[in-house]
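Chain and residue survey
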Amino acid sequence: MKNTYVSIFKMQFKGELQYRAKAISGIATQFFWGIMYIYLYMAFMSSDTIDGFTITQMASYIWLGQAFFALRYPGMHKDAGYEITNGNICYKFTRPINLYNQWYTEYLGEKLASTLLRFLPIIIISILLPTKYSLSMPANFTAFILFLISLIIGGLLCVAISMYSVYLTFITLSPKGTTTIVATIANLLGGAIIPIPLMPTSIQSILNFLPFRYISDLPFRIYIGNIGISDGLVQIAISIVWLIIIIVSGKLLIKNALKKTIIQGG
Amino acid sequence: MLYNKYLKMHIKSSLEYKANTIFLATAQVLVFVAEILGVWMLFERFDTVAGWGFYDSLLMVGIVMTTFAFTECFARGYDEFPNLIKSGSLDRLLVRPVNIYYQLFGAKIEFSKFFRIILGIVISIIAIININADWNALKIIVLIATYMCGCVVIFSLMLIAAGISVYTIENLEFVNIITNGSKELAYYPLNIYNKWLTRLFTFVIPVACFNYLPLSYIIGVGNIPLWLCAISPFLGILFIIPCLIFFNISLKRYQGTGT
């Protein structure tokens with residue numbers, strides 16, 4: 001059974017690697033947006049720091065966001081929504097496989113491959129930029145290790161949140177509309193539209209009680225040293241709890257939705 | 001009139017999938033609400049940026065939102081031009097005895113953008129009520145021209161993208177950078193960015209002509225001569241001329257893709 005998911009993952013991974021041209025233009029886009037956002041926030045942050053968040057840290061935060069764009073954007077696997085709306089999902093019922101696990105691994109594979117294709121060029125270019133705009137080195141070695149751990153958890157969390165889009169597609173039957181709504185909410189509350197350290201403090205304290213900031217805000221802030229080691233460890237623990245809650249609830253919801261699915265022939 | 005028939009046809013077809021159209025439109029509105037919240041949060045934290053306040057920026061958001069949605073709604077055929085080439089539908093349009101520009105305007109009308117037009121107008125009105133400006137007839141004319149300029153410039157960008165796709169067949173990502181980039185850049189006064197970015201979006205692509213230039217005149221800020229700010233939207237409209245010429249040349253070169 002383990003092997004099934006490993007091969008689903010590999011298949012998605014290899015498939016995604018085929019789209020190299022798409023990746024190159026994607027990198028160019030990410031790069032342009034990165035520069036644009038840095039200039040924008042620099043204009044707002046006229047003094048060099050705001051509550052301990054410096055312009056250099058802000059630039060690093062933006063570049064990490066651009067480099068790991070695919071990992072932080074909750075979408076939906078291209079087949080999942082299509083299968084649900086056109087009825088091909090009935091073929092999936094004939095297979096002895098847990099559909100949640102399949103969709104989860106498929107989407108994780110797609111995300112991981114597109115991240116691996118894109119992140120390195122952006123990281124390299126952004127390190128080489130003039131210091132004010134560049135991606136700086138991690139705060140320290142421990143911070144870097146914690147960054148990696150929380151980034152992996154963040155990626156898993158992002159896919160878990162994406163599975164809610166799959167569930168909602170069963171109800172709305174519009175994969176495009178559903179993913180747009182889920183992604184917009186997650187992006188706004190997770191600091192992908194405006195970095196959380198630049199938000200009003202009252203809103204920041206509300207966002208601490210929600211799962212979305214553990215997708216990318218936590219790893220990035222650990223990397224730049226805006227969140228210390230001990231605080232980081234506590235928050236990583238919280239993010240693991242959120243991950244479990246969201247996966248378990250998502251599994252239950254999808255199981256429920258599958259029970260109610262009616263295939264109308266055709 | 002032919003356009004009325006097109007209009008009726010598209011209204012009917014979008015009403016076929018009423019729930020879907022409304023749902024998609026709601027999703028799009030939510031995206032914009034999130035973006036406005038983003039703008040609001042920045043101003044809530046930092047108060048002003050280079051002398052501009054929240055409502056000044058909100059008016060720019062309103063302008064961008066209204067003009068983009070309006071153009072994407074009624075000129076969708078130009079926006080989807082690369083797809084027309086790829087699928088070979090363009091050949092079908094070219095053999096018909098009706099002007100190609102006219103047909104492209106009717107080829108697709110996207111009513112799910114309608115909510116966004118309304119939202120854009122509402123946002124604009126909220127901003128106009130709250131900004132600090134002494135209104136007079138001339139300023140109102142400049143404001144109306146600003147909206148027109150926005151539509152024309154966005155339409156011109158679509159023409160360029162369409163023209164390029166004649167040669168490349170594919171829809172190129174970098175064209176999206178320019179259109180979507182200018183959209184998001186223009187939520188804020190363009191002169192707060194770095195110099196080369198400001199210059200690019202003032203002199204090469206005249207986004208500034210429906211952004212900080214006319215608003216400098218209306219609100220009365222900045223150090224650019226006010227008369228120049230006042231006529232900027234009219235100058236921006238001229239951008240369509242080279243774009244039309246380019247699109248025409250490309251269309252003449254079109255040979256079909258064989259599909």
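None of these values were measured; they are calculated from a predicted model.

1. Quick look at the overall build of chain A
Counting secondary structure elements, chain A contains 12 helices and two strands. Beginning at the N terminus, the succession of helices and strands in chain A can be written as α-α-β-β-α-α-α-α-α-α-α-α-α-α. Overall size of chain A, expressed as C-alpha extent along the three principal axes, is 65 × 40 × 30 Å. A total of 266 residues make up chain A; the buried ones form 44% of that total. Partitioning the contacts of chain A with sequence separation of at least 6, the portion at a separation of at least 24 is 82%.

2. Let's talk about the overall build of chain B
The number of helices and strands found in chain B is 14 helices and zero strands. Starting at the N terminus and walking to the C terminus, you meet the elements of chain B as α-α-α-α-α-α-α-α-α-α-α-α-α-α. Taken over C-alpha atoms, the radius of gyration comes to 19 Å for chain B, in line with the 18 Å a tight globule of 259 residues would show. Taking the principal axes of its C-alpha atoms as reference, chain B extends roughly 55 × 40 × 35 Å. Buried residues in chain B amount to 41% of all 259 residues. Taking contacts inside chain B between residues at least 6 apart in sequence as the whole, the part at least 24 apart equals 78%.

3. Observations regarding the interface of chain A and chain B
Tallying the contact residues gives 24 residues for chain A and 27 residues for chain B. Contributing elements (two or more residues each) for the side of chain A that touches chain B: helix H2 (20-44) and helix H9 (175-190) of chain A. Considering each element in turn, the side of chain A that touches chain B owes the most residues, nine residues, to H2(A).

4. Points about the nonpolar core
By size, the foremost hydrophobic cluster in this structure holds 132 residues, and its most contacted members are Met163(A), Met60(B), Val153(B) and Met158(B). The element contributing the most residues to this core is helix H8 (residues 141-172) of chain A, with 15 residues. Once residues within four sequence positions are removed from consideration, Met158(B) is found in contact with Ala75(B), Tyr78(B) and Asp79(B).

5. Notes on helix H11 (residues 217-224) of chain A
All names here are of chain A. With respect to burial, H11 is a largely interior element, eight of its eight residues being buried. Among all positions in H11, only Asp217, Leu218, Pro219, Phe220, Arg221, Ile222, Tyr223 and Ile224 are buried. Packed against the buried residues of H11 are helix H3 (55-67), H8, H9 and helix H12 (229-260). Two residues or fewer past H11, Gly225 is found with a positive phi of approximately 85 degrees.

6. Re the packing of helix H3 (residues 54-74) of chain B against helix H8 (residues 114-130) of chain B
For any two helices packed against each other, one specifies the inter-axial angle together with the distance between the axes. Residue and element names in this part refer to chain B. As a packed pair, H3 and H8 sit with axes 8 Å apart at the nearest point and diverge in direction by 155 degrees. Put simply, H3 runs roughly antiparallel to H8. The way H3 lies across H8 gives a crossing that is left-handed. In this structure, H3 contributes Tyr55, Leu58, Leu59, Val61, Gly62, Ile63, Met65, Thr66, Ala69, Phe70 and Cys73 to the contact, and H8 contributes Phe114, Arg116, Ile117, Leu119, Gly120, Ile121, Ile123, Ser124, Ile126, Ala127, Ile128 and Asn130. Its residues assigned to classes, the contact of H3 with H8 shows 17 nonpolar, five polar and one charged.

7. Side note on the confidence of the model for chain B
Confidence in the prediction of chain B, expressed as mean pLDDT, is 86, and 96% of residues score 70 or more. Scoring the predicted complex yields pTM 0.87 and, for the interface, ipTM 0.86.

8. Quick look at H8(A)
Helix length check: H8(A), at 32 residues, gives a terminal C-alpha distance of 46 Å against a target of 46 Å (1.5 Å per residue), a fit within 8%. Backbone geometry just after H8(A) places Leu173(A) at a positive phi near 60 degrees.

9. Some points on the packing of H8(A) against H9(A)
Residues and elements named next belong to chain A. Following both chains from N to C, one finds H8 and H9 inclined at 145 degrees, their axes separated by 9 Å at the closest point. Crossing handedness for the pair H8 and H9: right-handed. Counted together, Ile161, Tyr164, Ser165, Leu168, Thr169 and Thr172 of H8 and Pro175, Gly177, Thr178, Thr179, Val182 and Ala186 of H9 form the full contact between these two elements. Counted by class, the contact of H8 with H9 contains six nonpolar, six polar and no charged residues.

Calculation criteria
- Residues numbered from 1 in each chain as written.
- Chains lettered and ligands numbered in written order.
- Predicted model: local features only at pLDDT ≥ 70, side-chain atom pairs only at ≥ 80, totals over all residues.
- Helix = DSSP H or I, 4+ residues; strand = E, 2+ residues; numbered from the N terminus.
- Buried ≥ 20, exposed ≤ 12 C-beta atoms within 10 Å, placed from the backbone.
- Contact = placed C-beta atoms within 7 Å.
- Rg over C-alpha atoms; globule rule 2.2 N^0.38 Å.
- Core = buried A, V, L, I, M, F, W, Y, C linked by C-beta atoms within 7 Å.
- Axes fitted to C-alpha atoms, helices over the stretch in contact; angles between N-to-C directions.
- Parallel < 35°, antiparallel > 145°, perpendicular 65-115°, else oblique.
- Left-handed = near helix turned anticlockwise from the far one by under 90°.
- Nonpolar A, V, L, I, M, F, W, Y, C, P; charged D, E, K, R; others polar.
- pLDDT = per-residue confidence, 0-100.
- Expected span 1.5 Å × (residues − 1).

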